[in-house]
Amino acid sequence: MKLRIFLPAVIAMAVMTGCAQPSAPSESVPAETEQPPETEQPAETGTGEDEEITIEAGDHKIYGTYTAPDGEYDSAVLLLHGYGADRQVGGMFRDFAEVLKDECKMASFRFDMRAVRQIGDDGFTQYTLAEGSKDTTKSLKWLRQTHPGIRHIYILGHSMGGTIAIMNEAENAGMYDGAVTWAGAADLTVLYTPEQLEQARTDGYYRMELDWKDYPIYLPLEWFEEVENLDLPALSAKGKAPLLAVNGKLDATVPFETGQKLTEVRSDERSLALVYEEADHMFRNTRDGLYRDTAEYLSSLDQSE
């Protein structure tokens, strides 16, 4: 039975056990992210310190932070930020990385999506959803190559990062043991007006000012076209892993019903939708519960082998 739970407040989720094994990689997995040979690998060993990482990605670099627990571990989470944010997401990803490290014995890798910091005033000129997914795949490849002792990899995205997480999981079928969206955005057309779209069609991009940025974001026409044609529930249906979708009822950007739409099409019945009555788009009043519920969900998947 599909789990679709709408909660009146932040709660501690019960750990689920006795679930099916994560799906095996399919033949459609891109060569660059294929699973390593089935050889016994020792667990990774961490120092409990953050490590700043630079990944060469062709015509650009990916800048990120790898956080690992102290001692042995064999699980990691890729963290994808949203529209107009960076790898810290106002401190949310930094703090959650500490929860994963201390409470779950899991590593994490959070990185800046294309052009967030490195181009400065050019903002997102070259940034599209497809490019974001490509950088995620490159980060997945880096994680597998440099940490062969990691046996379980999860993907988590906030806002538009949740969109890219769903897209990337569909593109890399069977490569993730679980997926999470925080305020995941099923319909990104709410981010712009028809007038802005027309301006992008005229100029090839739209120059957007955001209150929390000290430089503008230039959205290319390709980004608008992707968003106009995006069917995220259909992509979610292709996902092989269990999905936790968390939304806030006070979110003025992403309707709280979005999580249900993303989870109800999943084949894995461990998928779960949570709604927090008092949460906005940034979960300002509910972050402790958000971290706890997410950590417990991921831990339950780790223990379900």
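Residues numbered from 1 in each chain as written. Predicted model: local features only at pLDDT ≥ 70, side-chain atom pairs only at ≥ 80, totals over all residues. Heavy atoms only, no water.

## Structural notes on the pattern of salt bridges
Logical step 1: Going through the model one piece at a time under the given rule, you end up with 14 salt bridges.
Logical step 2: When the shortest N-O distance is used, the salt bridge between K249 and E277 registers 3.5 Å. Residue K249 is located in the loop between β11 (243–248) and α7 (258–263), and its partner E277 is located in the loop between β12 (272–276) and α8 (287–302); the two are separated by 28 residues in the primary sequence. (Salt bridge = Lys/Arg side-chain N within 4 Å of Asp/Glu carboxyl O. Helix = DSSP H or I, 4+ residues; strand = E, 2+ residues; numbered from the N terminus.)

## So, the sheet that holds strand β8 (residues 178–182)
Two orientations exist for strands paired in a sheet by backbone hydrogen bonds: parallel and antiparallel.
Logical step 1: In space, the eight strands of this open sheet follow the order β2-β3-β6-β5-β7-β8-β11-β12, with mixed pairing throughout. Of all strands in the sheet, those bounded by a partner on one side alone are β2 (50–56) and β12. Averaged over all neighbouring strand pairs, the angle between strand axes comes to 20°, with direction disregarded.
Logical step 2: Inspection of the sheet shows β11 paired to β12 by five bridges, in the parallel sense. (Pairing = 2+ DSSP bridges. Axes fitted to C-alpha atoms, helices over the stretch in contact; angles between N-to-C directions.)

## Observations regarding helix α1 (residues 92–104)
Logical step 1: For α1, spanning 13 residues, the distance from its first C-alpha to its last is 17 Å, which sits close to the expected 18 Å at 1.5 Å a residue.
Logical step 2: Residues of α1 that are buried: M92, F93, F96, A97, L100, K101 and C104. Viewed along the axis of α1, the buried residues span an arc of 160°, placing them on a single side of the element. Across from the buried face of α1, at angles greater than 90 degrees, the exposed residues are D102 and E103. (Expected span 1.5 Å × (residues − 1). Buried < 20%, exposed > 50% of the residue type's maximum accessible area, 1.4 Å probe, protein only. Arc of directions from axis to C-beta.)

## So, the environment of G178
Logical step 1: Locating G178 in the fold gives a position in strand β8.
Logical step 2: Taking the relative accessible area as the measure of exposure, G178 reaches 0% and is therefore buried.
Logical step 3: On a C-alpha basis, the gap between G178 and R270 in space is 9.6 Å, while along the polypeptide they are 92 residues apart.

## Here's the deal with the nonpolar core
Logical step 1: Y66, F109, L129, L143, W223 and F224 are the most contacted members of the largest nonpolar core, which has 52 residues in total.
Logical step 2: Among the elements that line this core, the one with the most residues is helix α3 (residues 160–171), at six residues.
Logical step 3: When sequence neighbours within four positions are dropped, the list of residues in contact with W223 reads Y83, Y127, T128, L129, M160, L191 and Y192.
Logical step 4: Counting residues in each nonpolar core, the second largest holds 28 residues, with V89, L100, L272 and Y297 among its members. (Core = buried A, V, L, I, M, F, W, Y, C linked by side-chain atoms within 4.5 Å. Contact = heavy atoms within 4.5 Å.)

## Overview of a negative patch on the surface
Logical step 1: A surface patch of like charges, here negative, comprises D187, E222, E225 and E228.
Logical step 2: You can see D187 is positioned in the loop between β8 and α4 (194–203). (Patch = residues over 30% accessible without salt bridge, like charges linked within 9 Å, V, L, I, M, F, W, Y side chains within 5 Å. Areas by Shrake-Rupley, 256 points an atom, 1.4 Å probe, with all protein chains shown as cover. Lys, Arg positive; Asp, Glu negative; His and termini not counted. Charge placed at Lys NZ, Arg CZ, Asp CG, Glu CD.)

## Quick look at the environment of N168
Logical step 1: With respect to the helices, strands and loops of the structure, N168 is situated in helix α3.
Logical step 2: Each C-alpha atom, one on N168 and one on D135, is 9.7 Å from the other, the two residues being 33 residues apart in sequence.
Logical step 3: Each residue touching N168, except ones within four places of it in the same chain, is listed here: S133, T136, T137, I155 and Y176.

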